[in-house]
Amino acid sequence: MNLLKTRSQKNGQITAHSRNLLKRFFQFNTYLFFTCICLIFLTISINGSKAIFTSKFPYINTAFFTEKPQTLYVYKPKWIIQKLSALEAESELIKQEDSNYETKHLTVKKEVQLLEKQLLNETIKFTEYQIQNSQEFDPNIYLRETYPFSAGGIAPALFGSIFLILGTFPIVFLMGLSSAIYLSEYSPNDKTTKIIKNSINALAGTPSIIFGVFGYGIFVLAFGWGFSLLAGWLTIALMTLPTVISDCEIALKRIPERERMNAIALGASKWQSIRHNVLPYSINEIFASTLFNIAKTSGEAAPIMFTAAYAFRDKLPWQGLENWHDFFFQGVMALPYHIYILSVKLPINAYTRDMQYGAAFIFLLFVGSLSMLGIYLKQLSINKQKPYL
């Protein structure tokens, strides 16, 4: 008996130790993920704020929000660049031939750092607007470099993204809510309904580029709409709807069945019971779900670049229209595609970094604002449902 008791105590200690290790493992992964996300957001916020805020009143770089992207022209003194190249060659030669490499290398490194600071101070920068009124620089003295989209602002991309979301929201909300009401309240529990629900779940996991290619083939080419807001709205809506329908269906089913039965018992129709006893207590959660999913899909570059977005457009969406309906059939710039171009097509250096991080920071605030509004609406829905749950 004592032996069995001892073994049982040991097994209990091992089990408790295993549970503690498992808990620590879960805790470590959770905090690791949270730390990585915080570091990413912190990096974007710190670097992006340099493009947004200034040290002078009104402390905000208004040009960043109101101007179109511009090319940055950089003029560097050639003699400094040539001297830097000579020092780099000298450093490589010392590394290969001299045994006292470390001491001499530090001397060369200090000289390189001083020259780089001097280069930064003597470099002259112009935007494409400024260079039209500037004097010509002697090509024998200055080396000119050009960086597209590295000056000016992001106004066309910002307003293009806003209009893409404003147009997508009513399509997603109305179609998602209608489909969810049918599947939750009216559809029979048969094979057809199960196939529809499984198909919706499968579409929710489809890569965004598939929707982009589909939108390009159908809306851009087959319907002849070209790169347009309308093609972008419908493509983003199709990509967002599967998740929204599932979330809306869950929100409707969260309202107890007795609320529907009570209304029907008092003589209300099926639709009247849904309208007065179900939708008022779930509509905020449905709004929140729509906002969450549109905020997520608004960051997808693939469907936008295939259907609605231009790499560059110097007009805002409401400018240069001959007829009011031309608004729906025009392409726009969009922040996700613009950030992709800034990040992939341009080098990351002192002349491009502010615009790259600034655009990413604004888009992060934009999506974060939509998500916070969704969280607020969802909390309102929970507070409304509490007396009925």
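A few points on the structure. Within each chain, residue numbers correspond to sequence positions counted from 1 in written order. Residues qualify for local features only when their pLDDT is at least 70, as the model is predicted, and side-chain atom pairs are given and counted only at 80 or more; totals for whole chains, interfaces and linings, by contrast, use all residues. To get the side-chain values, take all heavy atoms of the structure and skip hydrogens and water.

## Here's the deal with the overall build of the chain
- Working definition: helices are DSSP H or I runs of at least four residues, strands are E runs of at least two. Numbering for both runs from the N terminus. A count of helices and strands for the chain gives 15 helices and three strands.
- Burial classes follow relative accessibility: with a 1.4 Å probe on protein chains only, a residue under 20% of its type's maximum area counts as buried, one over 50% as exposed, and anything between as partly exposed. Across the 389 residues that make up the chain, the buried fraction comes to 39%.
- We call two residues in contact when some of their heavy atoms are within 4.5 Å. Partitioning the contacts of the chain with sequence separation of at least 6, the portion at a separation of at least 24 is 82%.
- Counting only carbon and sulfur atoms, one obtains 62% of the accessible surface of the chain, whose full area is about 23,000 Å². Here the Shrake-Rupley method, with its probe set to 1.4 Å, supplies the accessible areas, and only the displayed protein chains count as covering residues.

## What about the nonpolar core?
- Buried Ala, Val, Leu, Ile, Met, Phe, Trp, Tyr and Cys residues that are joined via side-chain atoms within 4.5 Å together make up what is termed a nonpolar core. In this structure, Phe64, Ile154, Leu164, Leu252, Ile286, Leu335 and Ile362 are the most contacted members of the largest nonpolar core, which totals 60 residues.
- Going through the elements one at a time, α1 (2–52), α6 (155–186), α9 (229–253), α12 (279–297), α14 (335–345) and α15 (353–385) are the ones with two or more residues in this core.
- When residues no more than four places from it in sequence are discounted, the contact partners of Phe64 are Ala51, Ile52, Gly152, Gly153, Ile154, Ala155, Met355, Gly358, Ala359 and Ile362.

## A few points about the state of the cysteines
- In this description, a disulfide is simply a cysteine sulfur pair whose atoms lie within 2.5 Å. On inspection of all chains with the given rule, the structure shows zero disulfides.
- This cysteine, Cys36, is not joined by any disulfide, and Cys38 carries the nearest cysteine sulfur, 9.4 Å off.

## Quick word on the packing of aromatic side chains
- Here a pair means two rings of Phe, Tyr or Trp (six-membered ring of Trp) with centres within 6.5 Å. Their orientation is stacked below 30 degrees between planes, edge-to-face above 60, and tilted elsewhere. If you walk through the whole model with that rule in mind, you get 24 aromatic pairs.
- Seen in terms of ring centroids, Trp233 and Phe328 are 5.8 Å apart; in terms of plane orientation they differ by 75 degrees. Their pairing is edge-to-face. Remark: Phe328 occurs in the loop between α13 (301–307) and α14 and Trp233 occurs in helix α9; sequence separation between them is 95 residues.
- Seen from their ring centres, Tyr337 and Tyr340 are 6.2 Å apart, and the 15 degrees between their planes marks the pair as stacked. One end of the pair, Tyr337, and the other, Tyr340, are both in helix α14, three residues apart, so they sit about a helical turn from each other.
- Residue classification places Tyr337 among the buried residues on the basis of a relative accessible area of 14%.

## Concerning unusual backbone geometry
- Of note, the amide linkage connecting Phe57 to Pro58 takes the cis form, showing an omega dihedral of 10 degrees.
- Phi at Tyr59 takes a positive value of approximately 70 degrees, unusual for a residue other than glycine.
- Assignment of secondary structure puts Tyr59 in the loop between α1 and α2 (62–66).
- Classification of Tyr59 as partly exposed rests on a relative accessible area of 46%.
- Located in the positive-phi region is Phe149, a residue other than glycine, with phi close to 60 degrees.

## So, helix α8 (residues 208–222)
- Across its 15 residues, α8 extends 20 Å between first and last C-alpha, which sits within 8% of the 21 Å expected from 1.5 Å per residue.
- Here the bend at each residue means the angle between axes fitted to two seven-residue stretches, the one ending at that residue and the one beginning there. Along α8, the largest kink reaches about 30 degrees and is centred on Gly215.
- Along α8, the residues classified as buried are Ser208, Phe211, Gly212, Gly215, Phe219 and Val220.
- Of the residues flanking the end of α8, it is Gly224, one or two places downstream, whose phi is positive at about 75 degrees. A helix is expected to reach a length of 1.5 Å times the quantity of its residues less one.

## Structural notes on the packing of α6 against α12
- Structural elements are reduced to axes, namely lines fitted to C-alpha atoms, with helices fitted over the stretch in contact, and the angle between N-to-C directions of any two is expressed from 0 to 180 degrees. Where α6 meets α12, the closest approach of the two axes is 10 Å, and the angle between their N-to-C directions is 135 degrees. The orientation of α6 with respect to α12, classified from their angle, is oblique. The two elements α6 and α12 meet at a crossing, and its hand is right-handed. Taken together, the residues of α12 that come into contact with α6 (itself represented by Ile165, Thr168, Phe169, Val172, Phe173, Leu177 and Ile181) are Leu279, Ile283, Ile286, Phe287, Thr290, Leu291 and Ile294.
- For this classification, the nonpolar set comprises Ala, Val, Leu, Ile, Met, Phe, Trp, Tyr, Cys and Pro, the charged set comprises Asp, Glu, Lys and Arg, and every other residue, Gly included, is treated as polar. For the contact of α6 with α12, a count of residues per class yields twelve nonpolar, two polar and no charged. An angle counts as roughly parallel when it lies under 35 degrees, as roughly antiparallel when it exceeds 145, as roughly perpendicular when it falls between 65 and 115, and as oblique in every other case. By convention, the crossing between two helices is left-handed when the near helix turns anticlockwise from the far helix through less than a right angle, and right-handed when the turn is clockwise.

## Notes on the pattern of salt bridges
- Whenever Lys or Arg places a side-chain nitrogen within 4 Å of a carboxyl oxygen from Asp or Glu, that contact is recorded as a salt bridge. Summed over all chains, the structure comprises six salt bridges.
- Put simply, Arg260 and Glu257 hold a salt bridge, and the shortest N to O gap is 3.7 Å. Of this pair, Arg260 and Glu257 are both found in helix α10 (residues 257–265), three residues apart, which corresponds to roughly one turn of the helix.
- Put simply, Glu185, Glu257 and Arg260 are held in one network by salt bridges that share partners.

## Focus on a nonpolar patch on the surface
- A surface patch of nonpolar side chains, amounting to about 330 Å² of accessible area, comprises Leu22, Phe25 and Phe26.
- Considering the arrangement of structural elements, one finds Phe25 in helix α1. Each patch is built from residues that are more than 30% exposed by relative accessible area and take part in no salt bridge. Like charges join if they lie within 9 Å; nonpolar side chains (Val, Leu, Ile, Met, Phe, Trp, Tyr) join within 5 Å.

## Regarding the pairing of strand β1 (residues 69–77)
- Along β1, nine of the nine residues are buried, which leaves the element largely enclosed by surrounding structure.
- Pairing between strands is defined by DSSP: at least two bridges between the two strands are required. In the sheet, β1 pairs with strand β3 (residues 142–152) via eight bridges, with the strands oriented antiparallel. Residue pairing in the sheet places Leu72 in a bridge with Tyr147 of β3.

## A word on the side chain of Ser298
- Note on placement: Ser298 falls in the loop between α12 and α13.
- Residue classification places Ser298 among the buried residues on the basis of a relative accessible area of 8%.
- Contacts described as polar in this section are N or O atom pairs within 3.5 Å, which, within protein, must combine one atom able to donate a hydrogen with one able to accept it, while residues neighboring in sequence count only if both atoms come from side chains. Within polar-contact distance, the side chain of Ser298 engages the backbone oxygen of Ala295 at 2.8 Å.
- Those residues within four positions of Ser298 in sequence are excluded, and the remaining contacts are Ile165, Ile304, Pro336, Phe363 and Val367.

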